[in-house]
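Chain by chain, the residues:
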Amino acid sequence: MTAVSQSVSLEVEDGIAVITIDNPPVNALSSHVRDGIADGVEQAIADDSVTAIVLICAGRTFIAGADITEFGGASKGRSLPETQATMENSPKPIVAAIHGTALGGGLETAMAAHYRVAIDSAEFGLPEVKLGLLPGAGGTQRLPRVTGVQKALEMMTSGDRIGADEALECGLINEIVDDLKAGAMAFARKAVDEGWPLVKIRDFDEKLQAAKDDPEIFTRFRAKTARKTRGFLAPEYNIQCIEAAVNMPFDEGIKFERERFTELMNGTQSAAQRYYFFAERQAAKIPDVPKDTPQIEINTAGIIGAGTMGGGIAMNFANVGIPVIIVDRDQASLDKGLGVVRKNYERSVKSGRLTMEDVDARMALISGATSREALADVDIVIEAVFEFMDLKKEIFADLDRICKPGALLASNTSALDVNEIASATSRPESVIGMHFFSPANVMKLLENVRGDATSDTVIATAMAVGKRIGKIPALVGVCQGFVGNRILAQRRIEADNMALEGAPPAMIDDVLYDFGFPMGPFAMSDLAGLDIGWDPEKSTGSTVKELINESGRHGQKNGRGYYTYDPETRAKTPDPEVVAMIKAFGESKGVEQREFTEEIILDRCLLPMVNEGAKILEEGIAIRPSDIDVIWINGYGWPVYTGGPMFWADTVGLDVVVEKIKHYSAMLGGRHWELSPLLERLAAEGKTFQSMGS
Ligand code: 3HC
Ligand code: NAI
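Draft legend 1. Region of interest: the site of ligand 1. Taken together, 26 residues sit near ligand 1, with Arg60, Ala66, Glu128, Arg281 and Lys285 positioned nearest. One of the backbone nitrogen or oxygen atoms of Ile68 is found 2.9 Å away from a nitrogen atom of ligand 1. In the model, an oxygen atom of ligand 1 is placed 2.7 Å from a nitrogen or oxygen of the Arg281 side chain. A total of 980 Å² of accessible area belongs to ligand 1 in isolation, and the protein chains cover 76% of it. For the shell around ligand 1, the secondary-structure elements that each account for two or more residues are strand 6 (101-103), helix 3 (105-111) and helix 12 (268-283). Class assignment of the residues belonging to the shell around ligand 1 gives a composition of 13 nonpolar, five polar and eight charged.

Draft legend 2. Structural context of the packing of aromatic side chains. Per the stated rule, a full pass over the model turns up 19 aromatic pairs. Note on Phe386 and Phe388: the rings are 6.4 Å apart at their centroids and 70° apart in plane angle, and the pair reads as edge-to-face. Given the relative accessible area of 46%, Phe386 is considered partly exposed. Classification of Phe388 as exposed rests on a relative accessible area of 51%. A ring pair is formed by Phe515 and Trp638, whose centres lie 5.3 Å apart and whose planes are at 85°; its orientation type is edge-to-face. With Phe515 in helix 20 (residues 505-515) and Trp638 in the loop between helix 25 (625-636) and helix 26 (645-652), the pair connects residues that are 123 residues apart, well separated along the chain.

Draft legend 3. Spatial organisation of a negative patch on the surface. Taken together, Asp120, Asp165, Glu169, Asp178 and Asp179 make up a surface patch of like negative charges. Locating Asp165 in the fold gives a position in helix 6 (residues 164-169). The class of Asp165 is exposed, set by a relative accessible area of 58%.

Draft legend 4. Just the site of ligand 2, in detail. Near ligand 2 lie 22 residues; those nearest to it are Met309, Asp328, Glu387, Lys392 and Ser414. Here an oxygen atom of ligand 2 and a side-chain polar atom of Glu387 are 2.6 Å apart. Contact between ligand 2 and Ser414: an oxygen atom at 2.7 Å from a side-chain N or O atom of the residue. Coverage of ligand 2 by the protein amounts to 79% of the 830 Å² it exposes when considered alone. Listing elements by their share of the shell around ligand 2, those giving two or more residues are helix 13 (308-319), helix 16 (389-402) and strand 16 (431-436). Taken together, the residues of the shell around ligand 2 sort by class into eight nonpolar, nine polar and five charged.

Draft legend 5. Here's a closer look at helix 9 (residues 216-229). Given a rise of 1.5 Å per residue, 14 residues ought to cover 20 Å, and the 19 Å separating the end C-alpha atoms of helix 9 matches this to within 8%. When the local axis directions of helix 9 are compared, the greatest deviation, roughly 35°, occurs at Ala223. Packed against the buried residues of helix 9 are helix 5 (149-158), helix 8 (209-213) and helix 10 (234-247). Directly after helix 9, the chain includes Gly231, whose backbone phi takes a positive value near 90°.

Draft legend 6. Structural view of the pattern of salt bridges. Under the definition given, this model contains 47 salt bridges. Between Lys212 and Asp205 there is a salt bridge, and its shortest N-O distance comes to 3.6 Å. Across the pair Lys393 and Glu420 runs a salt bridge, and its minimum N-O distance is 3.1 Å. With Lys393 in helix 16 and Glu420 in helix 17 (residues 418-422), this residue pair connects regions lying 27 residues apart in the sequence.

Here is what the cut-offs are and how they apply
Residues numbered from 1 in each chain as written. Chains lettered and ligands numbered in written order. Predicted model: local features only at pLDDT ≥ 70, side-chain atom pairs only at ≥ 80, totals over all residues. Heavy atoms only, no water. Near = heavy atom within 4 Å. Polar contact = N/O pair within 3.5 Å; in protein donor to acceptor, adjacent residues only side chain to side chain. Areas by Shrake-Rupley, 256 points an atom, 1.4 Å probe, with all protein chains shown as cover. Helix = DSSP H or I, 4+ residues; strand = E, 2+ residues; numbered from the N terminus. Nonpolar A, V, L, I, M, F, W, Y, C, P; charged D, E, K, R; others polar. Phe/Tyr/Trp six-rings, centres within 6.5 Å; stacked < 30°, edge-to-face > 60°. Buried < 20%, exposed > 50% of the residue type's maximum accessible area, 1.4 Å probe, protein only. Patch = residues over 30% accessible without salt bridge, like charges linked within 9 Å, V, L, I, M, F, W, Y side chains within 5 Å. Salt bridge = Lys/Arg side-chain N within 4 Å of Asp/Glu carboxyl O. Lys, Arg positive; Asp, Glu negative; His and termini not counted. Charge placed at Lys NZ, Arg CZ, Asp CG, Glu CD. Expected span 1.5 Å × (residues − 1). Bend = angle between axes of the 7 residues up to and from the residue. Contact = heavy atoms within 4.5 Å.

Right, here's the structure in full:
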C-alpha cells in the first residue's frame with residue numbers, strides 16, 4: 001500500500017487500483033483527502049497495469065461530507081470540483097464503494113464516479129440544508145439527473161437520508177454487494193471485461209424530462225413544504241438549483257449552484273446552523289465527567305405515572321427496543337395511559353411512519369403494573385407523577401427500598417429541587433433529574449439535571465441513554481425551572497407586562513412568530529389550557545388569568561382563549577373583548593399605557609431571556625452558552641437559523657444588548673431587567689458569548 005497523502009493510500013490488486021480514504025472520525029473531505037483522491041486517480045491512470053479504480057473508505061463510514069471545520073477558512077489544495085473532474089474524466093472506470101453514510105460532499109464525490117456499489121446498511125443523503133447550505137459540488141445538478149426531480153426535491157430540502165434499497169431503486173447506486181471491497185472489485189472487473197461505458201451523470205437527461213413537461217411540480221412542492229421551511233433560506237435555494245438543473249445546461253447549472261452556495265455560506269443563517277451542528281455535539285461533553293466514565297448498562301426501564309409525560313417517555317424506550325414497565329396508582333389510570341400510548345402509535349400507522357406490526361412489537365415491550373414492587377429489577381426508573389414535592393419524596397423513599405443497588409433513579413420534575421427529592425433516599429448519588437418535554441415521544445430536548453450528589457456514572461448514563469432513545473440531552477444544574485423554563489418565565493413576564501400596557505396579545509404573538517417561533521406565548525397558553533392552576537372556587541378577578549377564566553375562556557379546549565378558534569379548522573382570530581379586558585385591567589391598576597413597535601416587542605421578549613441566560617452561566621447552572629442555545633432550539637422552537645438566544649445576542653452585539661437592557665431597566669424596572677454582571681463584562685471587553693469557549 002502506498003501513501004498518496006496523509007489520509008489517502010493506493011494499492012493495486014489484480015489490475016485494480018484501490019484508493020482508500022482514512023480520515024477519522026467520518027472521512028470528511030479535508031484538503032488532504034481531496035488532494036489524495038485526485039492524486040491517487042492520476043497515479044492509477046498513469047499506471048499501465050491498472051484497468052479500473054475503486055474508491056473506498058476505512059473506518060466507520062464512507063465520506064460524510066465536506067470538512068465543516070474548514071468552512072470560512074482560506075481554501076487549500078484542490079477544490080472538490082477539481083477532484084471530481086479528475087474522477088469523472090478518468091479514462092479508466094471508477095467505482096465508489098460505499099458503507100456507512102455517503103453524505104453531502106461524500107455523495108457528490110460518489111456521483112462523480114462512473115459507478116456506485118454499496119452494502120445494504122449504507123445510507124445516502126445531501127444534508128447541507130441542515131447547515132443552511134446547498135450541495136455546492138454539483139450535487140444539485142447531478143442528483144435530479146439520477147433520481148428524478150421529485151426525489152431530489154425531497155432529499156435536498158429535508159436533508160434526510162435514504163437506504164441502499166431505495167438508492168438502488170432510484171438509480172443512485174448500481175448494485176448492493178455483501179463484501180464491500182471484494183464486491184466493488186468484482187463490479188469494476190466486470191465493467192472492464194464487458195466494456196461498459198464511462199458513465200457520467202452530468203450527461204443524463206432522461207429523468208429531467210418529467211419536470212420539463214410539468215413545471216408546476218416546483219410550485220406544488222413549495223406549497224407543500226411552506227410551513228416546514230418557513231423562515232429558512234436554504235430550502236428555497238435548493239429548489240431553485242434543481243429548477244436550474246431542469247432549465248439550464250449542466251455547466252450553467254453548476255455556475256448557478258456556485259453563486260447560490262456562496263451566498264448561503266456567507267450569510268448569517270448558515271453561520272448559525274453550522275454553529276448549532278457543533279453546539280449539539282458539544283452538549284454531550286461534560287468537562288468534569290471523563291469520556292470513559294463507567295456507565296450503568298440499561299436493558300430495562302421503569303416509569304412511574306402513565307400520564308401525559310410517562311406514556312410518552314415509555315414510548316421512547318420501546319421505540320429502541322428497551323422493555324419498559326409503567327406503574328400507576330390504579331388500574332384505571334394505567335389502562336387510560338396505555339390506551340393513549342397505543343393511540344399515539346396508531347396515529348403513526350395512519351401517517352405511514354409505522355406498520356401495525358411495528359406497533360404490536362412496541363406495545364409488547366410496554367407492560368403495566370399498579371405496584372411499585374414491579375420495579376425491583378429495572379436498570380433505570382423515571383418518575384413522572386404529579387408535580388408535588390411530598391409525593392415525589394414519598395415515591396423516591398419507596399424506590400430506595402425497592403430498586404436494586406446501582407439502578408438510576410430519575411425524576412421528570414419540571415421545576416422541583418432535585419436535591420430535595422434525592423434526600424428522600426439513602427443513595428442520592430443515584431438520583432438525577434431527566435426533564436423531558438411535551439409531547440415526550442416527539443420533542444428532542446432532554447434536560448438532565450445534576451444534583452449535588454449525583455455520581456459521574458449516573459450523569460454519563462443519563463446522557464448516553466438520552467442519546468440512545470433519540471433525544472438531544474443537555475446537562476444543567478438545579479434551580480427553579482432549570483435552564484429552559486427559567487428563561488421562558490422571563491419572556492412570559494414581559495409578554496404579560498406588555499399586554500397590560502396595551503400591546504394586543506396577537507401583536508406580541510405575531511412578532512415572535514415572524515421571528516421564527518412556531519407560536520407566541522399567548523397562543524401557547526391557549527394550547528396548553530388557560531385553566532391550568534386556576535381554581536374557580538378561589539377566583540376573585542384579581543389577575544388577568546382569573547378574569548379570562550371567569551369569562552369562560554379556557555383556551556383551545558373550549559374554542560375561546562386569547563383567541564377564538566374555528567370549531568372546524570381550529571383557525572384562530574384575535575378576540576377584541578380579551579384585548580379590551582386586559583387593557584382595562586392594566587389601566588385600573590394604574591399601569592402606564594404605551595405605544596408599541598415590532599422592535600420594542602422583540603426587544604422586551606428576547607433581551608430578558610439573554611440576560612437570564614447570562615445569569616444562568618454565572619451561576620454555573622449551564623455549562624456553556626451553546627448548551628442554552630441547544631435547549632431553546634430543541635425544547636421551545638427557537639429558530640435554529642438564528643442560532644439560539646446566546647448566539648443571536650452575539651450577532652446583535654453584546655454592547656447593543658447591554659445598552660438596550662439598561663434602557664428598559666431604567667424605564668420599567670423589575671428583577672429580570674437587572675443586568676447580568678457577566679453580560680456587562682463581556683460587552684465592556686468587546687467579547688461575545690462564543691468567546692467564552694466551551
Ligand atoms: N466535518 C467535520 N467534522 C465532522 C463532520 C464534518 N462533515 N461530520 C462529523 N464531524 C465530527 C463531529 O463534529 C464529531 O466530532 P467530535 O467527536 O469531536 O464531537 C465527530 O465527527 C463524530 O460525529 P457525530 O458525533 O455526529 O457521529 P455520528 O456517528 O452520530 O454521526 C454522521 C455521523 C452521520 C456523519 C454525522 O456526523 C453527520 O451528520 N455529519 C455531518 C454530515 C454533513 O452535514 N455533511 C455535509 C457537509 S457540508 C458539505 O458537504 C458541503 C458540500 O456540498 C460542498
Ligand atoms: P399527568 O397528570 O398527565 O400524569 C400523572 C400520572 O401520575 C397520572 O397518570 C397519575 O395517575 C399518576 N400518579 C399520580 N400519583 C401517583 C402515584 N402515587 N403512583 C403512581 N402514579 C401516580 O401529569 P404529567 O403532565 O404527565 O406530568 C408528570 C410530571 O412531569 C410532573 O412532575 C410534571 O411537572 C412533569 N412535566 C410535565 C410536562 C408537561 O408538559 N405536562 C413537561 C415536563 C415535565
